[in-house]
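Listed here are the chains, written in short residue letters.
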Amino acid sequence: MGKNLTIIIAETAGFCFGVKRAVNLANRAPERYPDQPIRTLGPIIHNPQVVEQLAARGVIKTDDIAELGPGVVIIRSHGITRQLAARLEKIPGLTIINATCPFVRRAQEIVAKMSERGYEVIIIGEPDHPEVAGLISYGEPERTRVITTAKEIPERFFQQKKPARIALLAQTTQPQELYNEIAGALLPIKGELRCFNTICTATSDRQSEVLELAGRCDCMLIIGGRNSANTNRLHQLSLTRQPRSYHIETARDLRPEWFAGVDTVGISAGASTPQWLIDETVTALQKLASRS
Ligand code: F3S
């Protein structure tokens, strides 16, 4: 690395719209509700530094609804189940700040509406993901299913005499190609197929840009929580184009030996990485370059 190190920051690096909204709501809560206990149900986002900062301001994570009493609870961006929402509403003196991303909320509403109208609802997604658990809860249990591949489409959809009525949607972070493949596989059913494209492009935009950057940089840094699935995915994608791709949580993780002979460093960050962690990394890199 020389003094003329070029640092390119991906335009899509960092907070997506839904995460920014959730973190803003959490940040404003102590002023809006002074002297009240403020809890988030689970970590507000998968970034330990942001969770720590909020804790220092009195916004504390809890995983147990039994710990909630009078005060404030913040629901995180990927939403909660309908049953859990109903339980929260029954807690006396509890104010609910619903930070569910509007895109996730829209998908929940589609499941509820199509279920009510008698459709079989198919959700493409990871069965154990909290967003998916939330989505399923809005459907009729016998007529709502989660699938991960086209092979899991029930055979009976193609065989039954009565025309099928199917509504298809996806967890917001699913790949568009998978959605297209499953929608295509459902086309031959006899009956009606309603396709709702609930995929949010924040994830795919980040992924395309990382691939493009990794192809033209000598080294890539992906910043984000070790527990952040979308950050890990960005790192994996980056490695496919640039073996010198490193996943860091903060600037403290930087190792000078990574940058030997490097002229251009590309930086991206997961959807739950705050801007200050990106800025801090850039400053640390510039310092390293100036010393070399
Ligand atoms: Fe919302 Fe898309 Fe982010 S669904 S939480 S804006 S990844």
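Numbers given to residues run from 1 along each chain, matching the order in which its sequence is written. pLDDT decides what is reported in this predicted model: residues at 70 or higher carry local features, side-chain atom pairs at 80 or more are listed and counted, and totals for whole chains, interfaces and linings draw on all residues regardless. Where side-chain values are given, they derive from all heavy atoms of the structure, hydrogens and water being excluded.

Comments concerning the environment of alanine 269
And then number 1: The helix and strand labels rest on DSSP assignments: H or I over at least four residues marks a helix, E over at least two residues marks a strand, and numbering proceeds from the N terminus. Tracing the chain through its elements places alanine 269 in strand β12 (residues 264-269).
And then number 2: The buried label applies to any residue whose accessible area, calculated with a 1.4 Å probe on protein chains only, is under 20% of its type's maximum; exposed applies above 50%, and partly exposed to all values in between. Note on alanine 269: relative accessible area 0%, which makes it buried.
And then number 3: Once the C-alpha coordinates of alanine 269 and leucine 94 are considered, the two residues, 175 residues apart in sequence, prove to be 35 Å apart.
And then number 4: Look past the residues within four positions of alanine 269 in its chain and what remains in contact with it is Ala13, Gly14, Arg206, Ile223, Leu234 and Ile278. In this description, contact between two residues means that some pair of their heavy atoms is separated by no more than 4.5 Å.

Remarks on the sheet that holds strand β10 (residues 219-223)
And then number 1: Only strands that DSSP links by at least two bridges are regarded as paired with each other. Strands sit in the order β1-β12-β10-β11 across an open sheet of four strands; the sheet is parallel. Pairing within the sheet leaves two strands with one partner each, and these edge strands are β1 (6-9) and β11 (245-248). With direction set aside, neighbouring strand axes in the sheet form an average angle of 20°.
And then number 2: Both β10 and β11 contribute to a ladder of four bridges, which runs parallel. Paired with methionine 220 across the strands is serine 245, a residue of β11.
And then number 3: Only the contacting stretch of a helix is used when fitting its axis, a line to C-alpha atoms as for every element, and angles between N-to-C directions run 0 to 180 degrees. Sitting on the sheet, helix α9 (residues 229-241) touches β10, β11 and β12, and the angle it makes with β11 is about 165°.

Overview of the sheet that holds strand β8 (residues 164-170)
And then number 1: Reading across from one edge, β7-β6-β8-β9 is the order of the four strands in this open sheet, with parallel pairing throughout. Here the strands that pair on one side only, and so sit at the sheet edges, are β7 (144-147) and β9 (191-195). Taken over all neighbouring pairs, the strand axes of this sheet differ in orientation by 20° on average, direction set aside.
And then number 2: Inspection of the sheet shows strand β6 (residues 120-124) paired to β7 by four bridges, in the parallel sense. Within β7, the position partnered with isoleucine 122 by the bridge is arginine 145.
And then number 3: Helix-sheet contacts for helix α7 (residues 176-186) involve β6, β7, β8 and β9, and the interaxial angle to β8 is about 175°.

Focus on the packing of aromatic side chains
And then number 1: Stacked, tilted and edge-to-face are the three classes applied to pairs of Phe, Tyr and Trp rings, where Trp contributes its six-membered ring and a pair requires centres within 6.5 Å; stacked means planes under 30 degrees apart, edge-to-face means over 60, and tilted covers the rest. Under the defined criterion, the tally for this structure stands at three aromatic pairs.
And then number 2: Considering the side-chain rings of phenylalanine 17 and phenylalanine 103, the 5.5 Å spacing of their centres and the 50° angle between planes classify their relative orientation as tilted. Taken together, the positions of phenylalanine 17 in helix α1 (residues 17-32) and phenylalanine 103 in helix α4 (residues 102-116) put the pair 86 residues apart, joining distant regions of the chain.
And then number 3: Ring centres 6.2 Å apart and planes at 65° place the aromatic pair tryptophan 258 and phenylalanine 259 in the edge-to-face group. By the burial criterion, tryptophan 258 is buried, and phenylalanine 259 matches it.
And then number 4: Taken together, the ring pairs in this structure connect Tyr246, Trp258 and Phe259 into an aromatic cluster.
And then number 5: Cation placement over rings: the criterion is NZ of Lys or CZ of Arg within 6 Å of the ring centroid and within 35° of the ring normal. When the ring centre of tyrosine 119 is taken as origin, the NZ or CZ atom of arginine 165, which lies over that ring, is 4.2 Å away.

So, the domain arrangement of the protein chain
And then number 1: Note that the domain bounds were set by an automatic or database domain assignment. The domain boundaries assigned to the protein chain delineate domain 1 (6-14 + 202-291), domain 2 (17-101) and domain 3 (103-195).
And then number 2: Its C-alpha centre places domain 1 at a distance of 35 Å from the equivalent point of domain 3.

Some thoughts on the nonpolar core
And then number 1: Residues enter a nonpolar core if they are buried and are Ala, Val, Leu, Ile, Met, Phe, Trp, Tyr or Cys, with the set joined through side-chain atoms within 4.5 Å. Leu221, Leu254, Phe259, Val265, Ile267 and Leu285 are the most contacted members of the largest nonpolar core, which totals 28 residues.
And then number 2: Counting residues per element, this core draws most heavily on helix α10 (residues 275-291), which supplies six residues.
And then number 3: Excluding anything up to four places from it in sequence, phenylalanine 259 contacts Met1, Cys219, Leu221, Arg244, Leu254, Val265, Leu285 and Leu288.
And then number 4: Formed by 21 residues, the second largest nonpolar core is a distinct cluster that contains Ala22, Tyr33, Ile45 and Cys200.

Observations concerning α9
And then number 1: The span you would expect from a helix comes to 1.5 Å times its residue count less one. Here α9 is 13 residues long and its end C-alpha atoms lie 19 Å apart, about the 18 Å a rise of 1.5 Å per residue gives.
And then number 2: Here α9 has its buried residues at Thr231, Leu234, His235, Leu237 and Ser238. When α9 is viewed along its axis, its buried side chains cluster within an angular range of 165° and face the same direction. Turned more than 90 degrees from where α9 packs its buried face, Ala229 and Thr240 sit exposed.
And then number 3: Where α9 is buried, its residues touch α8 (201-214), β10, β11 and β12. By definition, the arc is the one covered by directions from the helix axis to the C-beta atoms.

What about α4?
And then number 1: Look at α4: 21 Å from first C-alpha to last across 15 residues, which is about the 21 Å you get at 1.5 Å a residue.
And then number 2: Looking at α4, one finds that the buried residues are Val104, Ala107, Gln108, Ile110, Val111, Ala112, Met114 and Ser115.
And then number 3: Buried positions along α4 lie against β6, α5 (130-137), β7, β8 and β9.

Regarding the pattern of salt bridges
If the charged atoms of two oppositely charged side chains come close together, the side chains can form a pair.
And then number 1: The term salt bridge refers to a pairing of a side-chain nitrogen on Lys or Arg with a carboxyl oxygen on Asp or Glu at a separation within 4 Å. One pass over the full model with this rule turns up seven salt bridges.
And then number 2: Residues glutamate 192 and arginine 165 are paired through a salt bridge, measuring 3.7 Å at the closest nitrogen-oxygen approach. Pair noted here: glutamate 192 is in strand β9 and arginine 165 is in strand β8, with a separation of 27 residues, a long-range link.
And then number 3: The class of glutamate 192 is partly exposed, set by a relative accessible area of 30%.
And then number 4: Residue arginine 165 is classed as partly exposed on the basis of its relative accessible area, which comes to 35%.
And then number 5: Ionic pairing is found between aspartate 253 and arginine 226, a salt bridge with its closest N-O pair at 3.5 Å. Note that aspartate 253 is positioned in the loop between β11 and β12 and arginine 226 in the loop between β10 and α9, a separation of 27 residues in sequence.

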